[in-house]
Amino acid sequence: MRVAIIDDSAIVRKHLSQVLEAAGIQVTITASDPLFAWPKLEANWPDVIVLDVEMPRMDGISFLKRLMAEHPTPVVMCSTLTEAGCETTMQALAAGAIGFVTKPKLGLRDFLEGPGNGLVGAVRAAARANVHALPSQIAAQSNLSSGASQPMTRVNSAVPLGASAPRDRLAPGALASTSAMSETTDRVIAFGSSTGGVQTIETVLRQLPRTTPGIVLVQHMPERFTHPFASRLNSITELEVLEAKDGDRVINGRVLVAPGGRHMQLKRSGAQYVVEVRDGPLVNHHKPSVDVLFKSVAHCAGRNAIGVIFTGMGDDGARGLLEMRKSGAATLAQDEASCVVYGMPKAAAELGAAQQVLPLSDIAPTLLRLNGVVAGLNRQAD
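Residues numbered from 1 in each chain as written. Predicted model: local features only at pLDDT ≥ 70, side-chain atom pairs only at ≥ 80, totals over all residues. Heavy atoms only, no water.

Student: What exactly am I supposed to notice about the layout of surface pockets here?
Tutor: Rolled over the atoms, a probe sized like a water molecule indicates the empty space that remains. Of the volumes computed, that of the largest pocket is approximately 660 Å³. Along its surface, the largest pocket is lined by 27 residues, and Phe 100, Ser 194, Thr 195, His 220 and His 286 are the ones closest to its centre. Those elements giving two or more residues to the lining of the largest pocket turn out to be β5 (99–103), α6 (119–127) and α8 (197–205). With four residues, α6 is the single largest residue contributor to the lining of the largest pocket. Tallied by class, residues from the lining of the largest pocket come to 13 nonpolar, 13 polar and one charged. (1 Å grid on protein atoms, 1.4 Å probe; cavity = no way out; pocket = protein on both sides within 12 Å on 5 of 7 lines; lining within 4 Å. Points joined across faces, edges and corners; volume = space filled by probe spheres on them. Helix = DSSP H or I, 4+ residues; strand = E, 2+ residues; numbered from the N terminus. Nonpolar A, V, L, I, M, F, W, Y, C, P; charged D, E, K, R; others polar.)

Student: Looking at this structure, I do not really get the nonpolar core. What am I missing?
Tutor: Across soluble globular proteins, nonpolar side chains have a tendency to be buried as a group. Of all hydrophobic cores here, the largest spans 81 residues; its most connected members are Phe 191 and Leu 367. Considering each element in turn, this core owes the most residues, six residues, to helix α4 (residues 83–95). For Phe 191, the contacting residues outside a window of four places in its chain are Ile 201, Val 204, Leu 205, Ile 215, Val 216, Leu 217, Val 218, Leu 293, Phe 294, Val 308, Phe 310 and Leu 367. Counting residues in hydrophobic clusters, the runner-up holds 34 residues, among them Ala 244, Val 277, Phe 294 and Met 344. (Core = buried A, V, L, I, M, F, W, Y, C linked by side-chain atoms within 4.5 Å. Buried < 20%, exposed > 50% of the residue type's maximum accessible area, 1.4 Å probe, protein only. Contact = heavy atoms within 4.5 Å.)

Student: How should I be thinking about α6 in this particular structure?
Tutor: When we look at burial in α6, the residues that qualify are Leu 119, Val 120, Ala 122, Val 123, Ala 125 and Ala 126. Packing partners of the buried residues in α6 comprise β1 (2–6), α1 (10–22), β3 (48–52), β4 (75–80) and β5.

Student: When you look at helix α13 (residues 360–371) in this model, what are you seeing that I'm missing?
Tutor: Side chains that are three or four residues apart share a direction in an α-helix, a result of its 3.6 residues per turn. The terminal C-alpha atoms of α13 lie 18 Å apart, and with twelve residues this matches the ideal 16 Å at 1.5 Å per residue to within 8%. Burial in α13 covers these residues: Leu 360, Ile 363, Ala 364, Thr 366, Leu 367, Leu 368 and Asn 371. Downstream of α13 by one or two residues, Gly 372 has phi in the positive range, about 70°. (Expected span 1.5 Å × (residues − 1).)

Student: I keep staring at the pattern of salt bridges and nothing clicks. Help me out?
Tutor: Close approach of charged atoms allows side chains with opposite charge to pair. Evaluation of the coordinates by the stated rule reveals twelve salt bridges. For Arg 278, the salt bridge is made with Asp 246, and the minimal N-O distance between the two is 2.9 Å. Residue Arg 278 is located in strand β11 (residues 272–278), and its partner Asp 246 is located in the loop between β8 (240–243) and β9 (254–257); the two are separated by 32 residues in the primary sequence. For Arg 278, a relative accessible area of 38% gives the class partly exposed. Using a relative accessible area of 29% as the deciding quantity, one classes Asp 246 as partly exposed. Two residues, Lys 287 and Asp 279, come together in a salt bridge whose shortest N-O distance is 2.7 Å. One connected set of salt bridges, linked through shared partners, spans Asp 246, Lys 267, Glu 276 and Arg 278. (Salt bridge = Lys/Arg side-chain N within 4 Å of Asp/Glu carboxyl O.)

Student: Help me understand the packing of aromatic side chains, please; the structure alone is not making it clear to me.
Tutor: What characterises a pair of aromatic rings is the spacing of the ring centres plus the angle enclosed by the ring planes. In the structure shown here, the tally under the stated rule is four aromatic pairs. Ring plane angle 85° and centroid distance 5.1 Å describe the contact between Phe 191 and Phe 310, whose orientation is recorded as edge-to-face. Of this pair, Phe 191 sits in strand β6 (residues 188–193) while Phe 310 sits in the loop between β12 (305–309) and α11 (318–326), and the two are 119 residues apart along the sequence. Taken as a pair, Phe 191 and Phe 310 share a single burial class, namely buried. Joined through ring pairs, the aromatic side chains of Trp 38, Trp 45 and Phe 63 make up one cluster. The ring of Trp 38 has Arg 66 lying over it, and the distance from NZ or CZ to the ring centre is 4.6 Å. (Phe/Tyr/Trp six-rings, centres within 6.5 Å; stacked < 30°, edge-to-face > 60°. Lys NZ or Arg CZ within 6 Å of the ring centre and 35° of its normal.)

Student: Teacher, can you tell me more about unusual backbone geometry here?
Tutor: Most peptide bonds take the trans form, and the phi angle of most residues other than glycine is negative. Cis geometry marks the peptide bond from Lys 287 to Pro 288; its omega dihedral reads 15°. Inspection of the secondary structure puts Pro 288 in the loop between β11 and α10 (290–300). Its identity as a non-glycine residue notwithstanding, Arg 224 has a phi of 80°, on the positive side. Even without glycine at this site, His 285 takes up a positive phi of about 70°. For His 285, the location among the structural elements is in the loop between β11 and α10.

Student: I keep staring at the sheet that holds strand β7 (residues 214–219) and nothing clicks. Help me out?
Tutor: Each strand in a sheet pairs with its neighbour through backbone hydrogen bonds, running either in the same direction (parallel) or in the opposite one (antiparallel). The strand order β8-β9-β7-β6-β12-β13-β14 describes an open sheet built from seven strands, whose pairing is parallel. Across the chains shown, the open sheet's two edge strands, defined by having one partner strand only, are β8 and β14 (356–358). On average, each strand axis in the sheet is tilted by 20° relative to the strand beside it, whichever way the strands run. Bridge analysis of β12 against strand β13 (residues 330–334) gives four bridges, and the strand direction is parallel. What sits directly across from Gly 307, in β13, is Thr 331. (Pairing = 2+ DSSP bridges. Axes fitted to C-alpha atoms, helices over the stretch in contact; angles between N-to-C directions.)

Everything listed is a geometric property; what it means functionally is a separate question.
In structure tokens:
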């Protein structure tokens, strides 16, 4: 495996190189910014690029967009763990980055030299990713020409984040009444995704109208990243997308994103669906866990639910999707050709958890068909 490191700090480049070399990963290129890096890349293209965000002559997001348009390559972003850093990292993931490592503002040297910084794992995961399966709109989002002779220039990559609407939440203590649950025919859709999921989820949600049943979503992310993820989706889709809080109602046209560092479960209160957000141990090495969500959906919604498992490493969600299928829910999995990482969907398919294995382009139309949204839209048009 050959890795390039592009970071304006010589100290960061040195220590990241040492960490990777100690793990048996060859660092073939280091550069202080993309303009210096580009001719080196063209001479000896690496398998993975570790990319800083803030650099003096060209920012990492602008470079990433050109890279994905001209020479798709797995990229791991390296950014600071700040509010601005989290939002910028979300822009990078939406533009095609496979993973990210966060740098603290204090104690940087100890972090860089420590074995627990996640760099090695992120680079190895990126090397296995199929970047050619990234949704096609990533290249279209680039404002840079794909011509090889086009000079590289700095581009403002800022993406405004939309504000969330007022929340519709269950009153405190209302979950205690779930023993007297009434029947409901309300639908709920459950999504689970990991590596490559940011672009994938965005692609699906862009195709869904506000009449879509409520969606509950687990995307593997740490704390502080799920809020900008939800805010970004809220600003670019017709749906209301929120980072979930305990007691939030699941209603048509709303997407509730499990917060990083917390598990999210579906609950019933009378004829209403709500979410419960709680701390707890890691499940399948993750918190939030797709299995935790899917199993709760199987228990609470049964045949009124649809489960979809998307691109991601590992097997989180496979057993939960199987429970959903056994409870009468419709279950879908993304196919290998359209997955950035065919891990979670593969595990689900091998368990027999997925009724249908579909390319990404077919998932939103299938959801609309399963929910009768298309018929409803046709009646409105008439």
